[in-house]
Amino acid sequence: HMFAMFGSTVLVPILTGLSVSTTLLFAGVGTLLFHLVTKGKVPVFLGSSFAFLGGYFAIAPMMEDGSSNVEMIPYACFGVACAGLLYLVMAGLIKLFSARKIMKFFPPIVTGPIIIAIGLTLSQSAIDSCSSNWLVALVAIIAVILCNIFGKGMIKIIPILIGVVASYVVGIIAGEVDFTVVKDASWIGFPIVKDMTVLGLFGDNFDGAMLVSAIITIMPIALATIVEHIGDVSAISSTVGKNYIQDPGLHRTLLGDGLATCLAALFGAPANTTYGENTGVLTLTKVYDPMVVRIAAGFAIVFSFCPKVSALISCMPTATLGGVSLV
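Treat the numbers as computed from the prediction; the structure is a model and nothing was measured.

### Comments concerning the state of the cysteines
Then, number 1: A full pass over the atoms with the stated rule returns zero disulfides.
Then, number 2: Free of any disulfide, Cys-82 has its nearest cysteine sulfur in Cys-262, 7.9 Å distant.
Then, number 3: Unpaired in this structure, Cys-315 has its nearest cysteine sulfur neighbour in Cys-306, at a distance of 13 Å.

Structure below.
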C-alpha cells in the first residue's frame with residue numbers, strides 16, 4: 001500500500017510547489033481520520049488528488065525559477081479547504097435524500113469535461129518539463145506504458161513509481177541530478193512549513209479579492225472528485241465483497257474524505273482523495289483488513305519527519321517529472 005500510493009502522492013506537491021513532507025504527513029493523518037469516521041471498516045488509503053492541479057496552477061503558479069509561490073499558496077490552500085466543505089454538504093444531502101437521488105444531478109456529461117480540462121491544463125507544463133531532457137523524459141513515459149500494458153501483479157499497480165525510479169537513474173547517469181540538497185538535509189525534522197499553511201494568509205499583504213477568487217476557482221472541482229470518490233468506494237466494495245455504500249454508508253466515506261481534505265489544505269498539503277492504486281493492492285493481495293492500510297498510513301507519517309526523503313524527491317530531474325506528468 002505504501003509503494004502503491006507513493007509515486008502519485010509525492011508528484012502532486014512537486015508539481016504545485018507544496019511540501020513533500022507535509023503531503024506525506026497528511027496522507028497518513030487523513031487516512032487515519034477517514035478510518036475513524038468510517039468506523040474502521042473501509043480499507044481505503046487517501047493520497048494526493050490530481051484533480052485540483054488546475055486550481056493550484058491558476059491561483060499559485062510556480063515561480064519562473066521553479067521555486068514555490070509561497071505568497072500565493074495559502075490562498076490556493078484555503079480554496080481547497082472550502083472545496084473539502086462541499087464533501088460535507090454532499091454527505092449531509094446523501095444522508096437526507098439517498099445517494100441515488102443526489103447523483104442524478106452529476107452525470108458523466110457534467111463531470112467529464114471538468115476532468116478533461118484538468119488534464120489539458122497540465123499538459124503544457126508537462127511538455128515544458130520534458131523539453132529539458134527528452135531522453136530522460138522518454139524513459140519515464142516508456143516505463144510507465146510498458147508496466148501498464150505488460151506488467152503483472154504489483155508491477156502493474158505501481159507504474160508511476162517504476163517510471164520515476166527508472167528515469168531518475170538515467171538522469172543520474174546523464175548528470176541531471178545534484179545530491180547536495182540531500183547531503184545537507186537533516187535526518188529528522190518537522191514536516192509543516194508555516195508560510196504555506198492558511199495561517200500564512202493573515203499578514204500585512206492579505207488580499208481579500210484573491211481569497212474570494214481562489215474559493216470560486218477551486219471549490220467547483222470538488223464536484224468531479226466527489227464523483228471519483230463514489231466510483232472508488234463502489235470499486236472497493238466490489239473487490240472486497242462488502243457494500244460500503246450501505247455500511248458504513250456513503251455519507252460517512254464522503255465525510256471522512258472531506259474532513260481529511262480540509263485538514264490537509266489548512267496545513268499546506270494537497271487535497272486528499274481515495275486511491276485506485278490501493279484498490280489494486282487489495283485485488284492483488286486478497287488481504288482486506290483495514291488495519292493493514294492504517295499501518296501503511298503510519299509509515300507515511302514516519303517518512304514525513306525525515307527531510308532527507310523530501311530532499312531526495314525534490315532532486316528528481318525536471319524531465320522525469322515532465323514524463324510522468326505527461327502520462
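### Here we look at the packing of aromatic side chains
Then, number 1: Under the counting rule described, the total for this entry stands at four aromatic pairs.
Then, number 2: Measuring from ring centre to ring centre gives 6.5 Å for Tyr-75 and Phe-206, while their planes differ by 20 degrees; the resulting arrangement is stacked. Of this pair, Tyr-75 sits in helix H4 (residues 73-97) while Phe-206 sits in the loop between helix H10 (180-184) and helix H11 (208-218); the two residues are 131 residues apart in sequence, bridging distant segments of the chain.
Then, number 3: On the accessibility criterion, Phe-206 (38% relative accessible area) is partly exposed.
Then, number 4: Between Tyr-168 and Phe-179 the ring centres are 6.4 Å apart and the planes differ by 5 degrees, which places this aromatic pair in the stacked class. Remark: Phe-179 occurs in the loop between helix H9 (159-173) and H10 and Tyr-168 occurs in helix H9; sequence separation between them is eleven residues.
Then, number 5: Taking the relative accessible area as the measure of exposure, Tyr-168 reaches 11% and is therefore buried.
Then, number 6: On the accessibility criterion, Phe-179 (33% relative accessible area) is partly exposed.

### Things to note about the side chain of Thr-320
Then, number 1: Inspection of the secondary structure assignment puts Thr-320 in helix H17 (residues 318-326).
Then, number 2: If we skip the residues at most four places from it in the chain, Thr-320 touches Val-136, Ala-140, Val-164, Ser-167 and Tyr-168.

### Observations regarding the side chain of Ser-49
Then, number 1: Structurally, Ser-49 is set in the loop between strand S1 (46-48) and helix H3 (53-59).
Then, number 2: Classification of Ser-49 as buried rests on a relative accessible area of 2%.
Then, number 3: Only 3.2 Å separates the side chain of Ser-49 from the backbone nitrogen of Ala-51, close enough to count as a polar contact.
Then, number 4: Non-local contacts of Ser-49, meaning those with residues more than four positions away in its chain, are made with Val-12, Thr-225, Ala-271, Asn-272 and Thr-273.

### Quick look at helix H15 (residues 290-304)
Then, number 1: The end-to-end C-alpha separation of H15 is 21 Å, in line with the 21 Å expected for 15 residues at 1.5 Å each.
Then, number 2: Considering only its buried residues, H15 is in contact with helix H1 (2-16) and helix H2 (20-37).
Then, number 3: Two to three positions downstream of the cap, the backbone nitrogen of Met-291 sits 3.0 Å from a side-chain oxygen, assigning the N-cap of H15 to Asp-289.

### Describing a nonpolar patch on the surface
Then, number 1: On the surface, a cluster of nonpolar side chains totalling about 830 Å² of accessible area is made up of Ile-127, Trp-134, Leu-138, Ile-142, Ile-145, Leu-146, Ile-149, Phe-150 and Leu-326.
Then, number 2: With seven residues, the top contributor of residues to the nonpolar patch is helix H7 (residues 134-150).
Then, number 3: With respect to the helices and strands, Ile-145 occurs in helix H7.
Then, number 4: Take Ile-145: its relative accessible area is 39%, and that puts it in the partly exposed class.

Cut-offs and rules
- Residues numbered from 1 in each chain as written.
- Predicted model: local features only at pLDDT ≥ 70, side-chain atom pairs only at ≥ 80, totals over all residues.
- Heavy atoms only, no water.
- Disulfide = S-S within 2.5 Å.
- Phe/Tyr/Trp six-rings, centres within 6.5 Å; stacked < 30°, edge-to-face > 60°.
- Helix = DSSP H or I, 4+ residues; strand = E, 2+ residues; numbered from the N terminus.
- Buried < 20%, exposed > 50% of the residue type's maximum accessible area, 1.4 Å probe, protein only.
- Contact = heavy atoms within 4.5 Å.
- Polar contact = N/O pair within 3.5 Å; in protein donor to acceptor, adjacent residues only side chain to side chain.
- Expected span 1.5 Å × (residues − 1).
- Patch = residues over 30% accessible without salt bridge, like charges linked within 9 Å, V, L, I, M, F, W, Y side chains within 5 Å.
- Areas by Shrake-Rupley, 256 points an atom, 1.4 Å probe, with all protein chains shown as cover.
- Salt bridge = Lys/Arg side-chain N within 4 Å of Asp/Glu carboxyl O.

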